[in-house]
Amino acid sequence: MVPELVAKLTELGYEVAVQPGAGLAALYADEGYEEAGAVLDESALADADVVLSVQPLTSQQIRTLREGAATFSFLPTLQSLDLVAELRDLGITAFAMELVPRISRAQSMDALSSQALVAGYRCAIVAAQRLRRFFPLNMTSAGTVPPAEVVVLGAGVAGLQAIATAKRLGAVVKAYDVRAAAAEEIRSMGAAAIELDLDTLEGSGGYAREMSTDRAERQRELLAPYIAAADALITTAAVPGRAAPKLVTAEMVESMKAGSVVVDLAAESGGNVEGSVPGSVVQIGGAQVWGASNVPSQMPGPASKLYAQNLVNIVTLMTGEDGFAPDFDDEIVDGTCVTHAGEVTHQPTAEALEDRE
Ligand code: NAD
């Protein structure tokens, strides 16, 4: 939560309690929450009807909640099956923000998009800062300095924001994505769409599908010359529920010029670039390879503000005249819910738990 949005919750009829120090890392001081009408309370969990957080609550914290309480957080269910089972057994209603359906009515609640926006911007800034040359063209009396060439792979929410940011800084930007609609979106950001002689790969819900081994190999071959020519490469490709696709081999990075920069936003989920390490910079050939790690937290103020707004919007949807009352017939409520009334309501998670149990 951020102080400026506390009033939105009190207007809905909630009393708001904030964990002391909750906003400090994002530069929101405790006093700001108090001035906005919240109380600071270390032990508020036991009485809470609704708990809002970024990370899921710990097992210990969940056990302090009362039955029927609701939690909203990011909750990577397939990697948190023990926690999901505990939420189910304790009768907690848990909502996972990454499950908000990507329909237009839910756009204001879409935390994946809001955080991808922050991450995409940051990736372009990291590339510009690490590259020891200009992004824009400079024509001076001392001569002309050509602009940097930036290649972006994956043009979803983060990729498009990286393109827009690199363009604003004056770089020449080229981008590639496997989805059919992506070329037009790339061009609308002012970048050139890299056209490869390959089929497009569209999955359900506007997401990409996984590539076959052959197609992956061919895509790497066709992209190799673009990567060799780039001063900065930014990769943001993902396929929901899968490890990040390997788009760039170490050999392709080695073909880049000395001083080149690679920013791998997918480093935490397996990496688009072979050899990238989340949270570290590694040298491959003449290129520095920056592996992303929790990038939204590197711009904590705006990331928190956008996430808090997503939370307020979804809580508002689930609040009636008599308080918190989610309508489970609503597609957004149903789609986002993981556990309710002693059941795991999210089917893929329920199946994964059954397989395990
Ligand atoms: P994402 O994070 O799952 O993936 C990022 C990008 O990587 C995607 O564009 C994907 O096509 C691309 N990709 C996957 N495999 C690739 C490969 N082998 N090579 C190159 N690129 C590859 O995606 P996202 O940013 O969350 O968004 C995906 C789609 O959802 C987009 O079409 C976006 O416009 C749409 N979307 C819709 C809504 C909405 O309607 N509310 C909200 C957000 C996003």
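Scroll up to find the structure.
Residues numbered from 1 in each chain as written. Predicted model: local features only at pLDDT ≥ 70, side-chain atom pairs only at ≥ 80, totals over all residues. Heavy atoms only, no water.

(A) Fine view of the pairing of strand β11 (residues 232-235). The alternating pattern of β11 places A232 and I234 on one face and L233 and T235 on the opposite face, and all of these are buried. Pairing between strand β8 (residues 149-153) and β11: four bridges, direction parallel. The residue bridging L153 from the neighbouring strand is T235, located in β11. As defined by bridge partners, β11 adjoins strand β12 (residues 261-264) across four bridges and the pair is classed as parallel. Each residue of the ladder has a partner; that of T235, found in β12, is D264. (Buried < 20%, exposed > 50% of the residue type's maximum accessible area, 1.4 Å probe, protein only. Helix = DSSP H or I, 4+ residues; strand = E, 2+ residues; numbered from the N terminus. Pairing = 2+ DSSP bridges.)

(B) Expanded view of helix α5 (residues 111-130). Taking 1.5 Å as the rise per residue, α5 with 20 residues should run 28 Å; its terminal C-alpha atoms sit 28 Å apart, in good agreement. Listing the buried residues of α5 in full gives A111, S113, S114, Q115, A116, V118, A119, G120, C123, A124, V126 and A127. For α5, the elements touching its buried residues are α6 (157-168), β11, β12, β14 (287-291) and α10 (300-317). The backbone nitrogen of L112 has a side-chain oxygen 3.2 Å away, supplied by the residue at the start of α5, namely D110. (Expected span 1.5 Å × (residues − 1). Contact = heavy atoms within 4.5 Å. Polar contact = N/O pair within 3.5 Å; in protein donor to acceptor, adjacent residues only side chain to side chain.)

(C) The packing of aromatic side chains, seen in detail. All chains considered together, the criterion is met by three aromatic pairs. Arranged with centres 6.0 Å apart and planes meeting at 85 degrees, the rings of F72 and F324 form a pair that is edge-to-face. Of this pair, F72 sits in strand β4 (residues 70-73) while F324 sits in strand β16 (residues 323-324), and the two are 252 residues apart along the sequence. Looking at F324, the relative accessible area reads 23%, which means it is partly exposed. Plain terms: the ring middles of F74 and Y307 are 5.3 Å apart, the flat faces sit at 15 degrees to each other, and that makes the pair stacked. Taken together, the residues span a long stretch of sequence, with F74 in the loop between β4 and α4 (81-89) and Y307 in helix α10 at a distance of 233 residues. By the burial criterion, F74 is buried, and Y307 matches it. Joined through ring pairs, the aromatic side chains of F72, F95 and F324 make up one cluster. (Phe/Tyr/Trp six-rings, centres within 6.5 Å; stacked < 30°, edge-to-face > 60°.)

(D) Up close: helix α1 (residues 3-11). Here α1 has its buried residues at P3, L5, V6 and L9. Taken around the axis of α1, the buried residues stretch over an arc of 140 degrees, which confines them to a single face. At the exit of α1 stands G13, carrying a positive phi of roughly 105 degrees. (Arc of directions from axis to C-beta.)

(E) Spotlight on the site of the ligand. The immediate surroundings of the ligand are formed by 23 residues, with R102, S113, V157, D177 and R179 found nearest. Between the ligand and R102, the relevant distance is 2.5 Å, taken from an oxygen atom to a side-chain nitrogen or oxygen of the residue. A distance of 2.8 Å is found between an oxygen atom of the ligand and a side-chain nitrogen or oxygen belonging to R179. Taking 840 Å² as the accessible area of the ligand by itself, protein coverage stands at 84%. Broken down by class, the residue content of the shell around the ligand amounts to 12 nonpolar, seven polar and four charged. (Near = heavy atom within 4 Å. Areas by Shrake-Rupley, 256 points an atom, 1.4 Å probe, with all protein chains shown as cover. Nonpolar A, V, L, I, M, F, W, Y, C, P; charged D, E, K, R; others polar.)

(F) Structural context of the environment of D41. By the secondary structure assignment, D41 is in the loop between β2 (39-40) and β3 (50-52). Residues D41 and E254, 213 residues apart in the sequence, show an inter-C-alpha distance of 53 Å. Other than its neighbours up to four places away in sequence, D41 contacts A17, V18, Q19 and P20. Here S43 takes part through its backbone nitrogen, which lies 2.9 Å from a polar atom of the side chain of D41.

Structural measurements only, silent on function.
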